[in-house]
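# Commentary on secondary and tertiary structure
Each chain, written out:
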Amino acid sequence: GELDQYKIKKAITGKEKKLFESIELPPRPPAMCPGCPHRGIFYSLSRLKVFVSGDIGCYTLGALKPLSAMDTCVCMGASIGNAHGIEKALGKEAQGRVVAVIGDSTFLHSGITGIINVVYNRGTSTVIILDNRTTAMTGHQENPATGKTAMGEDTVEIDLERLCKAIGIERVRVVNPHRIDETERIIKEELSVEAPSVIISKAPCALLPEERRRKKPLYFVDSEACTGCRSCLRLACPAISWKGISEEEAKRRGRPKQRGISVISEVLCTGCGECEIVCKFDAIKEVK
Ligand code: SF4
Ligand code: SF4
């Protein structure tokens, strides 16, 4: 268990101080935050059913259900080398079916060598760099792509696009991952090309202070329009929940097989708009 100050105090003084009574909480699996920019990438990858060679960061949560869009996570910086190795081992069989996903700070820490290897060894891997403008998992530290030093001083901002081009990647695309439809189309396009490519997914972490302060739209589910298809739930956004409906209610709606509707929490929604794109029944709308 965790060694906290209360345990240490008890070990030294023999006295125990209970701050509060423990309570039973419902099990809650870890999930990406509402409005997380990684969600759009992993949702797209899960739809494309490609092999995803992952790396270490908050985005490793993309491995969990319902996204289930990460197949391997070996060690920090290994995603690109792993994808390249799979591509070399399987040859044509792997063409268009393997993607490496790596965070911006991990890429700058130990992913660059992998991409140099891809270029040097005539690889055709598609690499997605998740540029969320911070090092989120370990507590929002700066990194060489943010333009600030670890002490918060202004410094040179490494331009990931120019860096990848300088290494020799000719196909470098930048996407807004919240535009799920465009993101999926661009990943598909790059997978179909027999050349190495980099897709930079650029959108700030939803928990950055400036993002939290930014005024954003709010979304709601028009409960009458919701058909209960559950497509929006596949995004695994904690702001979207499911509410069951009775058989009578389903009949009243003219959809006797409908079992429930989706609901958006106005407290949790950060207005990324991904669910609005995913809903094919126009049931998710912006609050005007
Ligand atoms: S995708 Fe739209 S119609 Fe389907 S459950 Fe969600 S809100 Fe309802
Ligand atoms: S807009 Fe939709 S997907 Fe984005 S945070 Fe709000 S509920 Fe979640």
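Per chain, residue numbering runs from 1 following the sequence as it is written. Think of it this way: whatever chain is written first is A, whatever ligand is written first is 1, and the rest follow in order. Reporting of local features is limited, given that this is a predicted model, to residues whose pLDDT is at least 70; pairs of side-chain atoms are given and counted only at 80 or more, and all residues count toward the totals for whole chains, interfaces and linings. Water and hydrogen atoms play no part in the side-chain values, which are based on all heavy atoms of the structure.

### Overview of the nonpolar core
Here is the rule we go by: Throughout, nonpolar core names a set of buried Ala, Val, Leu, Ile, Met, Phe, Trp, Tyr and Cys residues whose side chains join them through atoms within 4.5 Å. Working definition: with a 1.4 Å probe on protein chains only, accessible area under 20% of the residue-type maximum means buried, over 50% means exposed, and in between means partly exposed. Domain borders in the structure are assigned automatically or taken from a domain database.
Counting residues in each nonpolar core, the largest one holds 60 residues, and the members touching the most others are F42, L45, V101, F107, I128 and V198. Two domains each donate at least three residues to this core, and these are domain 1 (38–210) and domain 2 (215–286).

### Concerning the domain arrangement of the protein chain
Filter applied, for reference: Defined here as a combined quantity, buried area equals the accessible surface (1.4 Å probe) lost by two parts on assembly, summed across both. Should a side-chain nitrogen of Lys or Arg be within 4 Å of a carboxyl oxygen of Asp or Glu, the pair is scored as a salt bridge. Each polar contact in these results corresponds to two N or O atoms within 3.5 Å; when the atoms are within protein, one needs to be able to donate a hydrogen and the other to accept it, and residues that are neighboring in sequence are counted only if both atoms are side-chain atoms. Secondary structure elements are defined from DSSP: runs of H or I of at least 4 residues count as helices, runs of E of at least 2 residues count as strands, and each element is numbered from the N terminus. Under this grouping Gly is polar, as are all residues other than the nonpolar Ala, Val, Leu, Ile, Met, Phe, Trp, Tyr, Cys and Pro and the charged Asp, Glu, Lys and Arg.
In terms of domain boundaries, the protein chain breaks down into domain 1 (38–210) and domain 2 (215–286). With centres defined by C-alpha atoms, the gap from domain 1 to domain 2 works out at 30 Å. Interface of domain 1 and domain 2: buried area, both sides summed, is about 940 Å²; carbon and sulfur atoms make up 63% of it. Where domain 1 touches domain 2, the interface holds 0 salt bridges. Counting across the domain 1 and domain 2 interface gives 3 residue pairs in polar contact (both at pLDDT 80 or more). Contributing elements (two or more residues each) for the side of domain 1 that touches domain 2: α2 (38–48) and α6 (180–191). Tallying contributions element by element places α2 first for the side of domain 1 that touches domain 2, with 3 residues. Of the residues that constitute the side of domain 1 that touches domain 2, the class distribution is 5 nonpolar, 2 polar and 3 charged.

### Section: the packing of aromatic side chains
Geometry of an aromatic ring pair is reported as the spacing of the ring centres plus the angle between the planes. Our working rule: Whether two aromatic rings pair depends on their centres lying within 6.5 Å, for rings of Phe, Tyr and Trp, where Trp uses its six-membered ring; planes under 30 degrees apart make the pair stacked, over 60 edge-to-face, and the rest tilted. Geometrically, a lysine NZ or arginine CZ counts as sitting over a ring once it is within 6 Å of the ring centre and also within 35 degrees of the ring normal.
Evaluation of the coordinates by the stated rule reveals 0 aromatic pairs. The cationic tip of R230 hangs over the ring face of W242; the distance from NZ or CZ to the ring centre is 4.0 Å.

### So, the side chain of T183
The following threshold applies: Between two residues, a contact is recorded if the distance between any of their heavy atoms is within 4.5 Å.
Looking at the secondary structure, you find T183 in helix α6. Excluding its chain neighbours within four sequence positions, the residues that come into contact with T183 are I41, S44, V175, N176 and P177.

### Some thoughts on the pairing of strand β4 (residues 126–131)
Put simply, the test is: We call two strands paired when DSSP finds no fewer than two bridges between them. Every crossover in which the path from the first strand over the helix to the second runs clockwise, viewed with the strands pointing away from the viewer, is termed right-handed.
Of all 6 residues in β4, 6 are buried, a share of seventy percent or more. Both faces of β4 are covered, namely the face carrying T126, I128 and L130 and the face carrying V127, I129 and D131. Here strand β3 (residues 98–103) pairs with β4 via 5 bridges, running parallel. Pairing of V101 across the sheet is with I128, part of β4. Handedness of the crossover joining β3 and β4 through helix α4 (residues 104–120): right-handed. In the sheet, β4 pairs with strand β6 (residues 197–202) via 6 bridges, with the strands oriented parallel. Residue pairing across strands places T126 opposite S197, the latter belonging to β6.

### Digging into the sheet that holds strand β2 (residues 72–73)
Definition in use: Axes here mean lines fitted to C-alpha atoms, for a helix over just the part in contact, with angles spanning 0 to 180 degrees between N-to-C directions.
The 6 strands are arranged β2-β1-β3-β4-β6-β5 in an open sheet whose pairing can be described as parallel. Strand pairing shows two members of the sheet lacking a second neighbour, β2 and β5 (171–175), which therefore form its edges. On top of the sheet, α2 reaches β1 (51–54), β3, β4, β5 and β6; it is set at about 155° to β4, its chief contact. Here α4 sits on the sheet and contacts β3, β4 and β6; the angle it forms with β3, its principal contact strand, is near 135°.

### Looking at the pattern of salt bridges
Side chains that differ in charge, positive against negative, can pair when their charged atoms come close. Counting across every chain of the model gives 17 salt bridges. For K148, the salt bridge identified is with D154, shortest N-O distance 2.6 Å. Judged by relative accessible area, which is 65%, D154 ranks as exposed. Linking R173 and E190 is a salt bridge whose minimum nitrogen-to-oxygen distance equals 2.6 Å.

### Some remarks on a nonpolar patch on the surface
Put simply, the test is: Like charges are joined within 9 Å and nonpolar side chains (Val, Leu, Ile, Met, Phe, Trp, Tyr) within 5 Å, but only among residues with over 30% relative accessible area and no salt bridge; these make up the patches. For accessible areas, the Shrake-Rupley method is used with a probe of radius 1.4 Å. Any residue's cover is judged against the shown protein chains and nothing else.
Taken together, L3, I8 and I12 make up a surface patch of nonpolar side chains, about 350 Å² in accessible area. Mapped onto the fold, I12 is located in helix α1 (residues 5–13).

### Focus on the site of ligand 2
Filter applied, for reference: Working definition: residue near molecule or strand if any one of its non-hydrogen atoms lies within 4 Å of it.
Taken together, the neighbourhood of ligand 2 is formed by G35, Y219, C237, A239, I240, I264, C269, T270, G271, C272, G273 and C275. Per-class residue counts for the shell around ligand 2 are 8 nonpolar, 4 polar and no charged.

### Focus on the layout of surface pockets
Going by this rule: The rule is simple: put a 1 Å grid over the protein atoms alone, call a set of points where a 1.4 Å probe fits but cannot get out a cavity, call an open set with protein on both sides within 12 Å along at least five of seven lines a pocket, and count a residue as lining if it has an atom within 4 Å of a point. Grid points are joined across faces, edges and corners, and a volume is the space filled by probe spheres set on the points.
A volume near 480 Å³ is recorded for the largest pocket. By residue number, the principal contributor to the lining of the largest pocket is strand β8 (residues 240–244), which donates 3 residues. Within the lining of the largest pocket, the residues separate by chemical class into 17 nonpolar, 1 polar and 3 charged. Counting contributing residues, the lining of the largest pocket receives three or more from each of domain 1 (38–210) and domain 2 (215–286).

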